[in-house]
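Take a look at the letters that make up each chain.
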Amino acid sequence: MELDSTKVAVVTGAASGIGRALAESFGRAGCKVVLADVQDDPLAETDAALQAQGVETLAIKTDVSKLDQVEALAQQTIERFGGVHVVCNNAGVAAPGDPWMGPLESWEWTMGVNFWGVLYGMRTFLPHIFMSGGGHVVNTASMAGIMPGFSPAYDASKHAVVAITEDLHNTLTAAEMPIGVSCVCPGWVRTGIVESDRNWPSELGELPTSDIGQEITRNHVRRAIDEGMQPGAVADLVLDAIKEDRFWVFPHPDFLELAVERFHRVGESLNPDPPEQVPGMPPRSTIAAEVMTAMAQEAAEVATDPN
Ligand SMILES: NC(=O)c1ccc[n+]([C@@H]2O[C@H](COP(=O)([O-])OP(=O)(O)OC[C@H]3O[C@@H](n4cnc5c(N)ncnc54)[C@H](O)[C@@H]3O)[C@@H](O)[C@H]2O)c1
């Protein structure tokens, strides 16, 4: 589809990272842009920056894990602009906490934003996009949606997003609906995702703590993300996919190779064998050795000073 001044694009998680870059790219293409995010100040700042560039915007504080708020977002979009053509279900979080022994709230939050938030966005906006004459649905998944190994709750939420995005594409294609669908699966992108804790909802209780192993991994991930792709480059690929009606957006071919290797093993019914090294990260054995050393140090400190 064409992206121009007749089009309205909604972006969730628009106040930072990939979402902000998407909003800026839609603005440059001439679209009217609806910005949705749970964070007040960054949302207002992003809104002001786009308006300063001459983009017609509407900013609405929205928690995508709450259906009534996503419905209100759609309602206000229609009231203001009279229609909607693109929805980017992009908001996402990476939660702290041990996946197997820690609090279940980590899973609830991750699934609430990353899965339910995307599903609410799809179901709520689809009829409006149809009534507006057609358009495009963009869901931000991750390479964690194609191959596990990042963090169990995050992997589960992103696998679910990939699955429902593909299902939606197939349904709309079979029904010959004028609505395209794209699934965005990045590797490392330079954003604030490692600092997701900033949005931990107080209604879920105390922020779960991370153990030393998770802290070490998180530091490596933080560095990989700091050295990752610019969000603007991902946004460019997404806009190209919308214009060319392409489903998959894979900004990181090196990650994709690993995913294909995994599927070869699946095809041969072989047991999982995670790659020794993921792009941007030290070898798995190096991280494991760092964790063992840190745990031994912790144990020695407790032994010498049990108080
Ligand atoms: N950065 C990466 O390396 C990477 C890789 C793969 C996929 N992704 C995905 O990209 C998407 C965007 O994340 P990002 O990397 O730009 O991170 P980011 O933290 O910079 O941006 C995420 C935005 O979502 C908002 N948000 C969080 N919870 C929300 C909620 N409940 N409702 C509405 N908004 C909410 C945040 O306030 C923030 O503005 C996420 O779905 C993430 O999982 C990121």
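For the structure given in this document, a descriptive report is provided here. (Residues numbered from 1 in each chain as written. Predicted model: local features only at pLDDT ≥ 70, side-chain atom pairs only at ≥ 80, totals over all residues.)

Overview of the overall build of the protein chain
- A tally of helices and strands in the protein chain yields nine helices and seven strands.
- Expected size for 307 residues packed as a compact globule is a radius of gyration near 19 Å; at 20 Å, the protein chain falls within 12% of this value.
- Dimensions of the protein chain along its principal axes, counting C-alpha atoms only, are 70 × 45 × 30 Å.
- Taking all 307 residues of the protein chain together, the buried fraction comes to 40%.
- Sequence separation of at least 24 residues holds for 74% of the intrachain contacts in the protein chain that already meet a minimum separation of 6. (Helix = DSSP H or I, 4+ residues; strand = E, 2+ residues; numbered from the N terminus. Rg over C-alpha atoms; globule rule 2.2 N^0.38 Å. Buried ≥ 20, exposed ≤ 12 C-beta atoms within 10 Å, placed from the backbone. Contact = placed C-beta atoms within 7 Å.)

Some thoughts on helix α2 (residues 40–52)
- Along its 13 residues, α2 runs 18 Å from first to last C-alpha, staying within 8% of the 18 Å computed at 1.5 Å per residue.
- The complete set of buried residues in α2 reads L43, T46, D47 and L50. Seen from one end, α2 has its buried residues packed into an arc of 100 degrees, which puts them on one side. α2 presents D41, A48 and A52 as exposed residues on the side facing more than 90 degrees away from its buried surface.
- Looking at the buried residues of α2, the elements they touch are α1 (17–28), β2 (32–37) and β3 (57–61).
- G54, located one to two residues past α2, shows a positive phi value of around 85 degrees. (Expected span 1.5 Å × (residues − 1). Arc of directions from axis to C-beta.)

Considering helix α8 (residues 253–267)
- The end-to-end C-alpha separation of α8 is 21 Å, in line with the 21 Å expected for 15 residues at 1.5 Å each.
- Among the 15 residues of α8, one are classified as buried, and the element is accordingly described as predominantly exposed.
- S269 occupies a position one or two residues after α8 and carries a positive phi of about 55 degrees.

Notes on the nonpolar core
- Grouped together as the largest cluster of nonpolar side chains are 71 residues, with contacts concentrated most on A9, V10, V11, L22, V33, L35 and V238.
- Examining the composition of this core, we find that eight residues originate from one element, helix α4 (residues 105–131), more than from any other.
- Those residues within four positions of L35 in sequence are excluded, and the remaining contacts are V11, A14, A23, L43, T46, D47, T57 and A59. (Core = buried A, V, L, I, M, F, W, Y, C linked by C-beta atoms within 7 Å.)

Notes on the sheet that holds strand β5 (residues 135–140)
- The sheet built from seven strands is open, its strands ordered β3-β2-β1-β4-β5-β6-β7 with parallel pairing. Either end of the sheet is taken by a strand with one partner, and the two such strands are β3 and β7 (248–249).
- One ladder, built from four bridges, connects strand β4 (residues 86–89) with β5; its direction is parallel. Considered in β5, the bridge of V86 is made with H136.
- This element, α1, spans β1 (8–12), β2, β4 and β5 of the sheet and lies at about 170 degrees to β1.
- Here α2 sits on the sheet in contact with β2 and β3, set at roughly 180 degrees to β3. (Pairing = 2+ DSSP bridges. Axes fitted to C-alpha atoms, helices over the stretch in contact; angles between N-to-C directions.)

Regarding the site of the ligand
- Near the ligand lie 33 residues; those nearest to it are G13, S16, G17, G92 and T191.
- For the shell around the ligand, the secondary-structure elements that each account for two or more residues are α1 and α4.
- Looking at the shell around the ligand element by element, the count peaks at three residues for α1.
- Its residues assigned to classes, the shell around the ligand shows 13 nonpolar, 18 polar and two charged. (Near = placed C-beta within 6 Å. Nonpolar A, V, L, I, M, F, W, Y, C, P; charged D, E, K, R; others polar.)

Describing the environment of I164
- Its location among the elements puts I164 in helix α5 (residues 152–174).
- When the C-alpha positions of I164 and G180 are compared, they lie 14 Å apart, and in sequence the two are 16 residues distant.

A few points about the pairing of β4
- Neither face of β4 is exposed, since V86 and C88 on one face and V87 and N89 on the opposite face are all buried.
- With α4 bridging β4 and the parallel β5, this β-α-β connection has right-handed handedness. (Right-handed = clockwise from strand over helix to strand, strands pointing away.)

Quick look at unusual backbone geometry
- Although it is not a glycine, E176 adopts a positive phi angle of roughly 55 degrees.
- Tracing the backbone shows E176 in the loop between α5 and β6 (179–184).
- Judged by the 6 C-beta atoms lying within 10 Å of it, E176 is exposed.
- Phi is positive for S269, close to 55 degrees, though the residue is something other than glycine.
- Considering the arrangement of structural elements, one finds S269 in the loop between α8 and α9 (284–304).
- Of the residues examined, S269 has 6 C-beta atoms within 10 Å and is grouped as exposed.

A short note on the environment of A36
- Looking at where A36 falls in the secondary structure, it is placed in strand β2.
- On the neighbour-count criterion, A36 (33 C-beta atoms within 10 Å) is buried.
- As a C-alpha pair, A36 and P253 span 217 residues in sequence and 30 Å in three-dimensional space.
- When residues no more than four places from it in sequence are discounted, the contact partners of A36 are V10, V11, T12, A14, I60, T62 and L73.

Nothing here speaks to function; it is geometry throughout.
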